[in-house]
Amino acid sequence: MLGYAIRRIAAAVPVAFCVALLVFALLYLAPGDPAAVMAGDAASPADIEKLRIALGLDRPFLERFLHWLAGLAHGDLGTSVFTGLPVSMLIGQRVLATAMLMLTAMLISGAIGIPAGTLAACRPGGIADRAVLIGGVLGFSVPVFLIGYLLAYLFAYRLGWFAVQGFTSPFVDFVGFLRTIILPAATLAFAYAALIARITRATMLEILAQDHIRTARAKGLDEAYIVIVHGLSNAATPILTIMGMGAAVLLGGAVVTETVFGIPGLGRLTVDAVLRRDYPVIQGVTLFLAFLFVAINLLIDLLCAAIDPRVRQ
Amino acid sequence: MSRRGAVPLALGLAILLAMAFLAVAAPLLGGDRDPGLILPAERALGPSFARPFGTDLLGRDLFTRVLYGARVSLLVGLGVALAATAAGTIIGMIAGYVRGLDGVIMRLIDGLMSIPPVLLAVTLMAVMRGSLWNVIAAITLAELPRVARLARASVQTVRGQIFVQAAIVSGAPTTTILLRHILPNIAASLFVQASFIGASAIMLEAVLSFIGAGIPPTIPSWGNIMAEGRSLWQVKPHILAFPALFLCVTVLGVNLVGDALRDRFDPRGA
Amino acid sequence: MSALLEVEGLVKRYRVARGRFVQAVSDVSFSIEAGEVLALVGESGCGKSTIGRCLVQLERRDAGTIRFDGMRIDTLSPRAFRPLRRRIQMVFQDPYGSLNPRLRVEQIIAEPLVHLGWAGDQRAVRARVFELLDLVHLPRTAAERRPHEFSGGQRQRIGIARALAARPDLLVCDEAVSALDVSVKAQIVNLLADLRAELGLAMLFISHDLAIVEQLADRVAVMYLGKLVEIGDTGQILRNPRHPYTRGLIAAVPRIDGVPPQDALLAGEPPDPAAPPAGCRFHGRCPRALPLCTAEEPLLVPAGAGRKAACHYLEPAQQGPRIALSELS
Amino acid sequence: MTVLPDMRRRAVIRGAAAMLGTAVLPSCAPRRDARLLRFSPQADLASLDPIWTTAGVTRTHGFLVYDTLFGLDADFRPQPQMIEGFECGADGRRWTLRLREGLRFHDGAPVRARDCVASLARWSQRDAMGQALFAAADEVTAQGERDIVFRLREPFALLPDALAKVGVNVPFIMPERHALTSPFVQVAEVVGSGPYRFLPDERIVGARAAYARFGGYVPREGGKAAWTSGPKRARFERVEWTVIPDPATASIALRNGEIDWLETPSLDLLPLIAQDRALALPEIDPTGAIAVLRPNHLWPPFDNPAIRRALLRVVRQEPFLAAAGFGPEARRAGVGIFPPGTPLATDAGLDLWDGPPDYARARAEIRAAGYAGEPVVVLGTTDPPILRALAEVGADLLRRCGFAVDYQVMDWNALIQRRARRAHPSEGGWNVFFTHWTGLDLLNPAGHLSLHGNGEAAWFGWPTAPRLEALRQDWMRESDADAQRRIAQAIQLQALIDVPYVPLGQFHMPTACRAELTGLLHGLPLFWNVERAGHA
Amino acid sequence: MPLLDIQDLHVAFGGLPAIEGLSFALEAGETLALVGESGSGKSVASLAMLGLLPASARVTGAVRLDGIDLLTLPPRERQLRRGRDIAMVFQEPMTSLNPVLSIGRQLIEGLPAADRETRQAARARATDLLAAVGITAPARRLDEYPHQLSGGMRQRVAIAMALAGRPRMIIADEPTTALDVTVQAQIVALLRDLQEATGVALLLISHDLALVRQMARRVVVLYAGRKLEEAPADRLFAHPRHPYSAGLIAAIPRFGAGRGARLAEIPGTAPGLNERGPGCVFAPRCPQAAAICASPPPATGVACHFAGGAA
């Protein structure tokens, strides 16, 4: 297991490097002059030029990339052009909200998607199966913000059950946390639950058709036991893997959801930075979220290895 | 052919055909209404006989705008599906067939894939000027890694199959093997993937516009119309609702077709 | 005159993990004369299929030489090897996977004709396809159909027709009949035997089925864990095996006549090829293993009458058939 | 990252308190208490330095944490605020301002005259009026702890007006150590002497800011609070700012009581707010805002005054304001250079807009003036809906005038970058963009940036208008109110000739709050004097 | 009364018959072989007996175990008989074990409740079972996973699992097909020894006539879903009465027949599910076929118009 973990982590390093290279290259190509924004409305061209040099914007690509990498190694993601604050600090302030949002959305989707998909696979063509198929298609056909507005209208505006905006840390006020997190998490969970339900259904269909399930049935084991112990134990790896890949759906959805629900998270930071052309922040957040994605998948791979002895080989 | 999937497939195709018709016939259906005509006096009117979908915040006719929006959205969907599938397939085939390049290409693809599509598209839009073609390019790049991975995986599966080895033994050159033996056998799954990418591109365009990083707002895409209506959905829901309805129905149509095709090609796929 | 095919010291390794290799084929040498059938037998994973794949360059050998018609082919680039493909063809095991489901049978059979320098127009190709269909006893109407319309045995005939299209000199048959049902298997075995007689083909017949090998092969080479342990005339080896592994193999063959085998069954299973035992690779399962066997690897040495075997303690040569012929009473 | 441990400790304490609270009464209703005011500003508080930036939110923030030497009263007259009084020498060239006693910064240090001198010096480098004031000064010094002395080369009657300025940039007083920072670099820390203390640990850039009442603040005695003058009595213990980017979400948050005060509710949602009895729409800014079409004077066609005048003549302000969503009660067309309702406003020359617009004539004039059909790059914006409507209607108007409009859309922040480029429109420059000024910024010719005609040094668009400049200087030297008004009239007439920009009308952006909030002051969102009724 | 009595079993998928009118009986302690080529329906028959076919399959007829028809039992009761009364060993040792659960866990879950009273007892019983199927170091193997075992070992584990419920009969579906010859022989020997030791009845399902010859006392020959012949093994191999049986036996390559011996072949291929008429299914390939073969063959005894009545 340790060997596997080391190998898996080692394999993530070149990917992480490629992410860094891509993110840097993307924003290297960005037009516009961050120095001009930083200097403000009243600055003269000479001021802007001075700032350009101070920011190192006049140096060649490779030099800037290496410099940036060196900064990364020290946790320095640069400085926001717009606010003048370190990007790492901006990210640090917002990690909790996004992490909690994603975690809650994952829990909600898992709690809905896995049982629904399993039920659907147990009785192909049955009610649960149809529901998963229809829900699956719908889940991918409605834009996140519409769902957000719909939920906000129903549960915040009409019923007033939940808060419509903001974020409260669960470590400060758990009830407040629930009040603020449920709607956005449910919004995010919509497509993700559909994804999980579909992949669970497909995986379980495949696994329930496998020889060892037949063996288990021939042993006279209880059907529910077979589905849960023999079926899900095998389905866990593919489901988890898809959940990891699907974290991209969550991260992408967070960009919109956090804007709709006014959550001070990384998604909103991205949107704000994009609208302001605050390139160092875009760069930093994109990189951070990509690393987060890599890390999530790394963790999931390790989890899979813990569940499935074959993976460890 | 299985009966299951026939109804969704027919429904999906019907939706897409209808949308394509609306998009093509937009100038005819819109009559003399100009989608860009600004009439501040007729601002944000609700649906009426003369203006079936009402007007938007600048008094422009929503019905015409939504019809013209179909052009944009379908163009984005189709454009991205084609471009991403073509580019992804080529990359995937190169990676899947040329062993030496596989590692480098796939690391880059993995890297690209680690940036969630919405984020990547938004970031690209921050770098590029907002135009229809740039939106298509940005979404294409965002969707590209998925196709490339699928294509590579499919190529590797197929190339491991014995009929490909038989073709090698039969003296078939690499191009023949790729084009005659591998491509036709991965085409089905690529086609299915392309349909999903089309759906997701239409959705992504809407999201980009919603955020304010998409197609210029002068171009009436569904996303743009919705972005405009978002601030007042509580009082003027029609501005948001009509394009949203069209968007959802179209994406639903594409997804239905994609699902049905997948069920046909690969009944157990997800 | 030199043999049609000469293999010297063939080695093929596979990487199973970073820095870990499996030697699938380890220093194997043999030759095939023109028109001769050599059977390669052994259990799964012993490397017999790998040898076949090396011959047609589906794999690159890691060491050793392969000479075809006196010419070294193992060092040729894929491009340079292509003209030779006409002369070395292969029949695959899986009749379902070996035909491209999207092509018509005619296209499948014509593929070697098209790519291997068959001079001729479409009509000539078609005529040749019909000729081949006749040869493998398939109706000419088959040309227009697609593989899924055929049963396993018919598909294998298509595969054989394809292999024969370019008139090869050597046919590598990799478990060509093992996936078939009994009644169909007999058809294909007979077909191969007929073709061989008709066309004067040399064959490397890779199989684990000793009963079929006995009927088809002139000579047999027995492999164990990547090594050749015994090679020689079919009749002699099967009647009078001198390597203990060959004996065990023969003893394990189920008898339709119900006569129990004379030898004890081999115990255990072949070890992991990634970590082969030191000394004689068979010593762990060998009923006669002695201390020397764990220490020193036996060489393939002459064991009488054109035979070779690799064992420190060869079974004694015996007079007369040890194994009773089956009777159909 | 370094703030974490501290935050965590506080989190634990508050968490424990909250647990106790909720254990007794697991209420889902949001807290509404007399000590906390929740405010949602129009935009994110991106910068904390009100001298460095011209952003409106930062000015609002500035009035919370900083104080000014003079305040502005309801009649737009300067009133002593931090000072107890001032003296002006007989020749008008020596001013002495004496600070009130007991003024303290949030770090406990007393406010000294030298802090004020340094602050004003820094401000003067970023502010037009400050520039004029300091240009007129030989020396500005601190005399002792409490006296600030201006020694002027020539009289500057508007000194109190300059120091009472509420349009950006406001001459806030900060400690000398901060005020010595270059005006082009943001100060690192927020230490003011205003009624509220900024809580840096609780700030999440782009989302939140929080303030606590500063116990050491001594309000002015006597008088009534009005605009930025009078006693600043802080009634709330805490003020929390929450940025809610989505206007629809923001209005629900207000309705649900998650926030108490929404600075700029979406115009279209006003009816919804108006019909909710728990909410109110107080009018706090009588000067409103003025929309502006700004041509680029460096490049054709708008380097040609005749073309600018032809354009000016066909502009009607009504459609712009209507398209932006302002109802008849919230908009005012036929607006000149100064905001109606402020002292300098005048109708002079505005009769040129009488009657319907004659596009055919405009086209002919524009042709005749030499427009050759070159593309006109119009910068449009996606985001703030008002600016977007202005740009779209404007582009439409320009097309009707026969211009070959190249309408390029970007979001506002990209536009802000783009408008700073002086290059030719085909090389990344521009011809026209649209914006709006708050009325406070346009109260007089000194602060009125789009009126400046000093060429390359002028605001984006860079008009050269020597006569206008001369009139501006005249105004600044004039201390008599009537004379000032006469000059203002002349300025307006001259502006209609030079056309540095095209005014597009005045509009009022209401603010929305819970009905129980009382005592909201005029001018801009100010957080003293406000209280929650029924809790006081 | 026979232990297992199958009467007129029919199985159809989507209206296409996979098994038509299969009847045979198995006595306690007996070994019966069901022989057929691929598509003959032999595996379908075994799964039908246990009720393991997918819901889309239509199963009629009777499968009586000790006189109780399993097909009419409620699913729950039928489930309880699986593993306890009838156990099964499948063909693919690579896939028939759950790859993510340990050997021990999979063995123990199949033990009757009485054997599972304590963890120790369960482990002890599982260890015994592994030892009984000839696995060395059985206690250690309990904690290993299927992928750590070789093919032969896995098949031994599968047999141990079949024995876990102390069944009265075992259905072995192609138990050696996926194994190498040397290992095949070991498994055959193991099954024979176990049967001798425990007296469990064995229903062997195979296409391998040589294997059947070695193990079975009686043989049922299936072709295209129909029973063509049933006979004691010795008699069948000596005097096959149905032309198909005869052809099949003749087509087996006989080891020791010598070089160049030509195999007897049956021309043509077996009919697909939708190509089966009411007449003799073998007629299209039968050397003796005549016009009469288009009508249904005799329902009892050898299913051939020319075989001369009951066996």
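Just above, that's the structure.
Nothing here was measured: the structure is a model prediction, and the numbers come from that model. (Residues numbered from 1 in each chain as written. Chains lettered and ligands numbered in written order. Predicted model: local features only at pLDDT ≥ 70, side-chain atom pairs only at ≥ 80, totals over all residues. Heavy atoms only, no water.)

Chemist: Can you lay out the interface of chain B and chain A for me, pointing to particular residues and giving the numbers?
Modeler: In this complex, chain B contributes 45 residues to the contact, which on the side of chain A involves 50 residues. Between chain B and chain A lies a buried interface of about 4000 Å² when both sides are counted; carbon and sulfur atoms form 77% of it. Linking chain B with chain A are one salt bridge, by the criterion used here. For the salt bridge of R198 of chain A with D259 of chain B, the shortest nitrogen-to-oxygen distance reads 2.6 Å. Across the chain B-chain A interface, the total number found is five residue pairs in polar contact (both at pLDDT 80 or more). Every element with two or more residues in the side of chain B that touches chain A is listed here: α4 (99-113), α5 (117-127), α8 (174-211) and α10 (237-265) of chain B. Looking at side-chain class alone, the side of chain B that touches chain A contains 31 nonpolar, seven polar and seven charged residues. (Contact = heavy atoms within 4.5 Å. Buried area = accessible area lost by both parts, 1.4 Å probe. Salt bridge = Lys/Arg side-chain N within 4 Å of Asp/Glu carboxyl O. Polar contact = N/O pair within 3.5 Å; in protein donor to acceptor, adjacent residues only side chain to side chain. Helix = DSSP H or I, 4+ residues; strand = E, 2+ residues; numbered from the N terminus. Nonpolar A, V, L, I, M, F, W, Y, C, P; charged D, E, K, R; others polar.)

Chemist: Describe the pattern of salt bridges, listing the residues and the values that go with them.
Modeler: Residues and elements named next belong to chain C. Following the criterion strictly, the structure yields 89 salt bridges over all chains and no others. One salt bridge connects E106 with R104, and the closest N-O pair in it is separated by 3.4 Å. Residue E106 is classed as buried on the basis of its relative accessible area of 11%. (Buried < 20%, exposed > 50% of the residue type's maximum accessible area, 1.4 Å probe, protein only.)

Chemist: Go over the interface of chain C and chain E, please, and point to the residues and values.
Modeler: If you look at the interface, chain C gives 44 residues, while chain E gives 43 residues. Summing both partners gives a buried area of about 3800 Å² for chain C against chain E, and 55% of it is carried by carbon and sulfur. When the area that chain C buries against chain E is broken down by residue, the three leading residues are Q215, I256 and E269 of chain C, summing to 20%. Taken together, chain C and chain E are joined by one salt bridge. Among the ionic pairs, R262 of chain E bridges to D194 of chain C, the shortest N-O distance being 2.8 Å. Seen at the junction of chain C and chain E, the total is 17 residue pairs in polar contact (both at pLDDT 80 or more). Among the elements of the structure, α6 (182-199), α7 (210-216), α8 (234-239) and α9 (244-252) of chain C are those that each provide at least two residues to the side of chain C that touches chain E. Top contributing element to the side of chain C that touches chain E by residue count: α6 of chain C, with nine residues. Residues of the side of chain C that touches chain E, tallied by class, amount to 21 nonpolar, 12 polar and 11 charged.

Chemist: Kindly report on empty space enclosed by the protein, identifying the contributing residues and their values.
Modeler: All names here are of chain A. The full count for this structure, using the stated rule, is 10 cavities of 30 Å³ or more. Volume-wise, the largest cavity comes out at about 90 Å³. Forming the boundary of the largest cavity are 13 residues, of which T83, L90, L269, D272 and R276 lie nearest the centre. Sorting the residues of the lining of the largest cavity by element identifies α5 (87-122) and α11 (266-276) as the ones contributing at least two each. (1 Å grid on protein atoms, 1.4 Å probe; cavity = no way out; pocket = protein on both sides within 12 Å on 5 of 7 lines; lining within 4 Å. Points joined across faces, edges and corners; volume = space filled by probe spheres on them.)

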